[in-house]
Amino acid sequence: MCIFHINYDHKSVLLEEAIQALNINSTGVYVDGTFGSGGHSKLILSKLTKQGRLLAVDRDLSAIKIGKIIAEQDSRFTIIHSTFSKIHKHIENMRLTGSVDGILLDLGVSTLQLNDDNRGFSFMRDGPLDMRMDVSSGQSAAEWLSKASLEDIVWVLKTFGEERFAKIIAKVIISTRRYKPIVRSIILSKLICDIVPYRNVYKHPATKSFLAIRMYINNELEEIAQVLEDSLGMLSTRGRLVVISFNSLEDRLVKYFIRDHSCVVSIPPKIPLTDYQIFSQYKSKYKLKDMGKLMPSKKEIERNTCARSARLRYAEKLMI
Ligand SMILES: C[S@@+](CC[C@H](N)C(=O)[O-])C[C@H]1O[C@@H](n2cnc3c(N)ncnc32)[C@H](O)[C@@H]1O
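Worth saying up front: this structure is predicted, and the values here are computed from it rather than measured.

**Q** Provide a residue-level description of the side chain of Asp-230, including the pertinent values.
**A** For Asp-230, the position within the fold is in helix 11 (residues 220–234). For the buried Asp-230, no salt bridge is present, and the opposite-charge side chain at shortest range is Lys-89, 8.3 Å distant. Once you skip the residues sitting within four places of it in the chain, Asp-230 turns out to touch Ser-85 and His-88.

Shown next, in the form of structure tokens:
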């Protein structure tokens, strides 16, 4: 089977921290919305007894192949090929709405995807410019770039990449594609390098454009907004929502979602009320308790540079 040729070197980010933030109940029901190589899922499973259950989803078929191997050996584990914006439907089919003890989302792409030359996610590697996490649906980045208007390209680069040079990059894409189709990652990467100045040795000039196009092609922000909204219905009282994000747009969505559904009350110290007694006063409006933010340690960043931009935010569902 081709899984033996897959590069398994994805290092799970904020692994221990995410599991601690989930505050695992060993007989509980958990959801891993971004299975990837299964690093977080495996640690969750190790904390569950026979009664516990873990539902994992991923939109990438390579991740599903890895998950199926675990599912064959462990009846507590189920893996489904799906986007996380549809998890609530699977949870409903399993009659688990309102009974989920924790939902984990580790956003973005895995090293498995980045290092696969056939996927086109990396500006450092040559391959077909695809960038779809789910190659079984939607349009590839190359297809989109072959017909997108100048305005659309500018909008995508600015909106999802916050790219200052969006207009000039879009113009060069339009003029280049007239004589040379932009169908390989290295063509796009070189084209951007030729026009965007190298100001920062740590940041490749194509970083923002590749991120922007990937986020657009995979509808990433809408996916996140949807799953966050659905999480409120899926979680049980005191269930935890844990989200690891890797860029400011993702993190902002998570931060504002938690903030908008959380109640910040300043109660003078030594008032003999529990958090739940306080929050229950606001129950019609507020559904979450903001548990804060965690960042990777210096040690983790040294071990895994991919962790450097990671932010973990978590919240607990209040009694309703
Ligand atoms: C950073 S990796 C997760 C790594 C994983 N936590 C581990 O420890 O191996 C992100 C994964 O989420 C998947 N993914 C991203 N957006 C998704 C979405 N909207 N629905 C389902 N899966 C998604 C990607 O395909 C990728 O496999």
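From this point on, the discussion continues.
**Q** A description of helix 8 (residues 166–177) should follow, citing residues and the corresponding values.
**A** Over its twelve residues, helix 8 runs 16 Å from end to end, which matches the ideal 16 Å to within 8%, given 1.5 Å per residue. Taken together, the buried positions of helix 8 are Ala-166, Ile-169, Ala-170, Ile-173, Ile-174 and Thr-176. At its buried positions, helix 8 is contacted by helix 6 (141–147), helix 7 (150–161), helix 9 (185–195) and helix 10 (207–217).

**Q** Outline the environment of Ser-297, supporting the account with residue identities and numerical values.
**A** Its place among the elements puts Ser-297 in the loop between strand 6 (288–294) and helix 14 (298–303). Overall, Ser-297 belongs to the partly exposed group, its relative accessible area being 35%. Sequence spacing of Ser-297 and Arg-308 is eleven residues, and the spatial spacing of their C-alpha atoms is 8.9 Å.

**Q** Would you mind going over empty space enclosed by the protein in detail, with residue names and values included?
**A** In total, this model carries two cavities of 30 Å³ or more according to the counting rule given. There is about 40 Å³ of room inside the largest cavity. Tallying contributions element by element places strand 2 (residues 53–58) first for the lining of the largest cavity, with three residues. By residue class, the composition of the lining of the largest cavity is seven nonpolar, one polar and two charged.

**Q** If you had to explain helix 12 (residues 248–260) to someone new, which residues and values would you point to?
**A** In this model helix 12 runs 18 Å from its N-terminal to its C-terminal C-alpha over 13 residues, within 8% of the 18 Å that 1.5 Å per residue would give. Within helix 12, the full set of buried residues consists of Leu-249, Glu-250, Asp-251, Val-254, Phe-257 and Ile-258. On the buried face of helix 12, the contacting elements are helix 7, helix 10, helix 11, strand 5 (235–245), strand 6 and strand 7 (311–317).

**Q** Kindly report on the side chain of Thr-34, identifying the contributing residues and their values.
**A** Inspection of the secondary structure assignment puts Thr-34 in the loop between strand 1 (29–32) and helix 2 (39–46). Within polar-contact distance, the side chain of Thr-34 engages the backbone nitrogen of Asp-106 at 2.7 Å. What Thr-34 contacts, discounting residues up to four positions off in sequence, is Val-57, Asp-58, Phe-84, Leu-104, Leu-105 and Asp-106.

**Q** Mind laying out the sheet that holds strand 1, listing which residues take part and the relevant values?
**A** Across the sheet, which stays open at both edges, the seven strands sit in the order 3-2-1-4-5-7-6 with mixed pairing between neighbours. Either end of the sheet is taken by a strand with one partner, and the two such strands are strand 3 (77–81) and strand 6. Neighbour to neighbour, the strand axes of the sheet diverge by 15° on average, direction disregarded. Relative to strand 5, strand 4 (residues 100–106) runs parallel, the two sharing six bridges. Opposite Leu-105, over in strand 5, you have Val-243 as the bridge partner. Where helix 2 meets the sheet, its contacts fall on strand 1, strand 2, strand 3, strand 4 and strand 5, and the angle it forms with strand 2 comes to roughly 175°. Where helix 12 meets the sheet, its contacts fall on strand 5, strand 6 and strand 7, and the angle it forms with strand 7 comes to roughly 25°.

Rules used throughout
- Residues numbered from 1 in each chain as written.
- Predicted model: local features only at pLDDT ≥ 70, side-chain atom pairs only at ≥ 80, totals over all residues.
- Heavy atoms only, no water.
- Helix = DSSP H or I, 4+ residues; strand = E, 2+ residues; numbered from the N terminus.
- Buried < 20%, exposed > 50% of the residue type's maximum accessible area, 1.4 Å probe, protein only.
- Lys, Arg positive; Asp, Glu negative; His and termini not counted.
- Salt bridge = Lys/Arg side-chain N within 4 Å of Asp/Glu carboxyl O.
- Contact = heavy atoms within 4.5 Å.
- Expected span 1.5 Å × (residues − 1).
- 1 Å grid on protein atoms, 1.4 Å probe; cavity = no way out; pocket = protein on both sides within 12 Å on 5 of 7 lines; lining within 4 Å.
- Points joined across faces, edges and corners; volume = space filled by probe spheres on them.
- Nonpolar A, V, L, I, M, F, W, Y, C, P; charged D, E, K, R; others polar.
- Polar contact = N/O pair within 3.5 Å; in protein donor to acceptor, adjacent residues only side chain to side chain.
- Pairing = 2+ DSSP bridges.
- Axes fitted to C-alpha atoms, helices over the stretch in contact; angles between N-to-C directions.

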